[in-house]
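Breakdown of the fold
The chain contents come next:
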Amino acid sequence: MNRQIAGVLTGRVTKWGVLVVWLVIAGGSAMFASKLADVQNNEMASWLPANAESTRAFEKLAPFQDADDIPTTVVYHRSSGLTDDDLAAIEEQAGELAGLDGVPDTLTNGSPPVVSPAVAAQVAEATGQPATGVSADGTVAQTVVTFNFGAEGWNELPAAADEIRDIARIDGVDVHIAGAGGQAADSAEAFGGIDSTLLGATLLVVIVILLFTYRSPLLWILPIFTALVGLFTTEAVVYFLAKDAGLTVNGQSQGILTVLVIGAGTDYALLLVARYREELRRHADRHEAMAFALHRAAPAILASAATVVIGMLCLTFAEMNSTAGLGPVNAVGIAITFLAMVTLLPALLVICGRWIFWPRRPGFGSQEPTAAGLWARVGRWIAPRARMVWVGTTAALLVACLGIFQLDATGLSSEEQYTKDFDSLVGQRVLAAAGMVDTSNPVMVVTDAEQAPAVAEALRGVDGIGDVVGDVPPVDGVALVTGALTTDVAAQASFDTVQRVRDAVGEVDGAGALVGGTSAMFYDIEQASQRDNTVIIPMVLVVVMLILMLLLRALVAPLLLMATVVLSFGAALGLSALIFQYVFGFDHADASFPLFVFVFLVALGIDYNIFLMTRVREETVNHGTRRGSLVALAATGGVITSAGLVLAATFTVLGTLPLVFLAQMGTAVALGVLLDTMIVRSVLVTALNLDLGAKIWWPSRLDADDRHLTAAEAEQPLETVH
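Quick summary incoming for the structure in this document. Keep in mind it's a predicted model, so treat the numbers as computed, not measured.

Turning next to the overall build of the protein chain. Of regular secondary structure, the protein chain possesses 23 helices and eight strands. Per-residue burial for the protein chain yields a buried fraction of 58% across its 722 residues. The long-range fraction of contacts in the protein chain, counting pairs at least 24 apart against all pairs at least 6 apart in sequence, stands at 82%. As displayed, the protein chain has an accessible area near 27200 Å², and 61% of this comes from carbon and sulfur atoms.

Our focus in this paragraph is the sheet that holds strand E2 (residues 114-115). One open sheet holds the four strands; their spatial order is E2-E3-E1-E4, and the pairing between them is antiparallel. What marks the edges here is a single partner per strand, and that holds for E2 and strand E4 (174-178). Note: strand E1 (residues 69-77) against E4, five bridges, orientation antiparallel. In the strand pairing of E4, His 77 is matched with Asp 174. With respect to the sheet, helix H15 (residues 423-433) is in contact with E1, strand E3 (140-148) and E4, its orientation differing from that of E4 by roughly 110 degrees.

Helix-helix packing is described using two parameters, namely the angle between the two axes and the distance between the axes. Between helix H11 (residues 286-313) and helix H20 (residues 593-623), the shortest axis-to-axis distance is 9 Å and the interhelical angle comes to 160 degrees. As the angle between them shows, H11 and H20 are arranged roughly antiparallel. Note that H11 runs across H20; the crossing there is right-handed. Residues Arg 296, Ala 300, Ile 301, Ala 303, Ser 304, Thr 307, Val 308, Gly 311 and Met 312 of H11 form the contact with H20, whose participating residues are Val 599, Phe 600, Ala 603, Leu 604, Ile 606, Asp 607, Ile 610, Phe 611, Thr 614 and Glu 618. Each residue belonging to the contact of H11 with H20 can be placed in one class, and the counts come to twelve nonpolar, four polar and three charged.

Contact geometry of helix H10 (residues 251-280) with helix H21 (residues 625-652) gives a least axis separation of 9 Å together with a crossing angle of 165 degrees. In terms of orientation, H10 lies roughly antiparallel with respect to H21. The two elements H10 and H21 meet at a crossing, and its hand is right-handed. Only Ala 635, Val 639, Ser 642, Ala 643, Gly 644, Val 646, Leu 647, Thr 650 and Phe 651 of H21 make contact with H10, whose side of the interface consists of Val 259, Leu 260, Gly 263, Ala 264, Thr 266, Asp 267, Leu 270, Leu 271, Ala 274 and Glu 278. For the contact of H10 with H21, the per-class residue count stands at twelve nonpolar, five polar and two charged.

Here is what the cut-offs are and how they apply
Residues numbered from 1 in each chain as written. Predicted model: local features only at pLDDT ≥ 70, side-chain atom pairs only at ≥ 80, totals over all residues. Heavy atoms only, no water. Helix = DSSP H or I, 4+ residues; strand = E, 2+ residues; numbered from the N terminus. Buried < 20%, exposed > 50% of the residue type's maximum accessible area, 1.4 Å probe, protein only. Contact = heavy atoms within 4.5 Å. Areas by Shrake-Rupley, 256 points an atom, 1.4 Å probe, with all protein chains shown as cover. Pairing = 2+ DSSP bridges. Axes fitted to C-alpha atoms, helices over the stretch in contact; angles between N-to-C directions. Parallel < 35°, antiparallel > 145°, perpendicular 65-115°, else oblique. Left-handed = near helix turned anticlockwise from the far one by under 90°. Nonpolar A, V, L, I, M, F, W, Y, C, P; charged D, E, K, R; others polar.

Structure below.
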């Protein structure tokens, strides 16, 4: 940022104008930010790409089912066997369930909205299929009730589940709510209060770290206030984008947004405050000190924010709508947070004056403590053995990468999606143990009406398919054939069944069959995620590489930095895989897990290298690359370490939610950030700089000045230059 512009933003009068503008923005945003949850779309169908087979099948299913229908399975279990009185009570309760709000009179295809054990038996007798209402051993019965609350009906399921529990009470009988409705109710519980829970936990850990970093009881208030202003403004903008521009926002993306904005915003604040504190020791006027600090820190903060923004926008090329929507949501968050941190925070700092640093006020002319601090000593230790250090560090990280072979990112079954035992999962296990299937989530095949009998016959011959129903009246020449799955709807075994079904019905000439249903959607999500991994990851690498080349005006240094970040990503993924399997007991990961971790680690991990290398380049002009690297490490080491701890802690907060995917992603990103700040940036990159010297700046003019460090120079106290 130009120093004149920086001076204008933090002038004696303009600082108040900046504050007023942001207060008006924050006040106007608060009302709309609170409505963001109202425009979330957590329906699975909205996450899929338009060209997925299950999406195309979903569109053709409209005449046979309302897209807003939510089948919900009520599971009854008595270990000693259900009595006649139990079954009679279940039938009576089915009538009461039919009277609940949200239960339609009939479904689109004319079927009853409540299928009790008796109704299942009647259907079985009429169709010649085995009854599925009561298990063979008589211990389990299921009633399927379908709700329809409209487009936002998924949000109504928790209340509906409570009403079901109030009705379905029989002494000695365990009742569980499973199926799509039960899973939706549990998902709503998992995401319930996600914004307030994450925000509170994130703020708590950030405040603790800032108190420890600044050693001031007051200074932390300004970065936190600025980050909150950025968050509320972002949520208001995202609300309008979701409401009026069709942006897909779900509970997952909103949760990540909260963590990312607070974490990244605090990182930017740490860098700016550290540079401002340096300048306060050199300038008597705090306004002048901030102008210099903003002038020197803003380019690194801008490059960092641009890296994250562009990296996030790369996600818009994903096939998965949920992944594509996550990119713009977080890109908007980082862009607004950057603006807040380089305008509002500087204004607040100069308004408050030096006293905000109490009890460690940086007086004019006082000594800069980082010149002889921990990271200065680390640099002096690395200097005489730089090659040995970077070779040894690289070898250790490569060994950590081997853990990747333990990572099974082929998707999570229903039971593996949560870190706690929700009721829908218990109900699913009860059905499976009794040899029953959840009839609320069948494989659904839409086909040409004339070929429907042949498609039904082909479906009956597929392993993994139970009862097949093909007598639904066709509509406009299109027929529906359904087959119950004998395995968990989200398990790999069901995905294999979906593929076998597609192969089988695809061989029926003239059928034009499309296979849909919940399991088919899960399968297509996995396939789209695998494709996104192979497309988005190289795209992000190229984009970040170009940004580094523009920032550092060199080729070798960006190549080295990208190599170290990829190595850090591999090590984080490898170590995380071992932690998941041997500590947490997570055997599998979501198919999109590697992509999300990569994007966040590369976009965020490169930040710390940007913070370090922009300072190295600044100091190289007067000191040479090797001496400049030691000065830069000493000057930025503490603030970058603190920034890394903040970001790692905020992503760890994702583990407070009972969702395996977020717990795994939070763990991997936190671990990767710690590796970046503690080992990759401080040890590996510094050792490479010291070993290669000016060669890292090729082909810029800095490449010509390759000064070597003498032993005496390596031990001298470090002083920064301006």
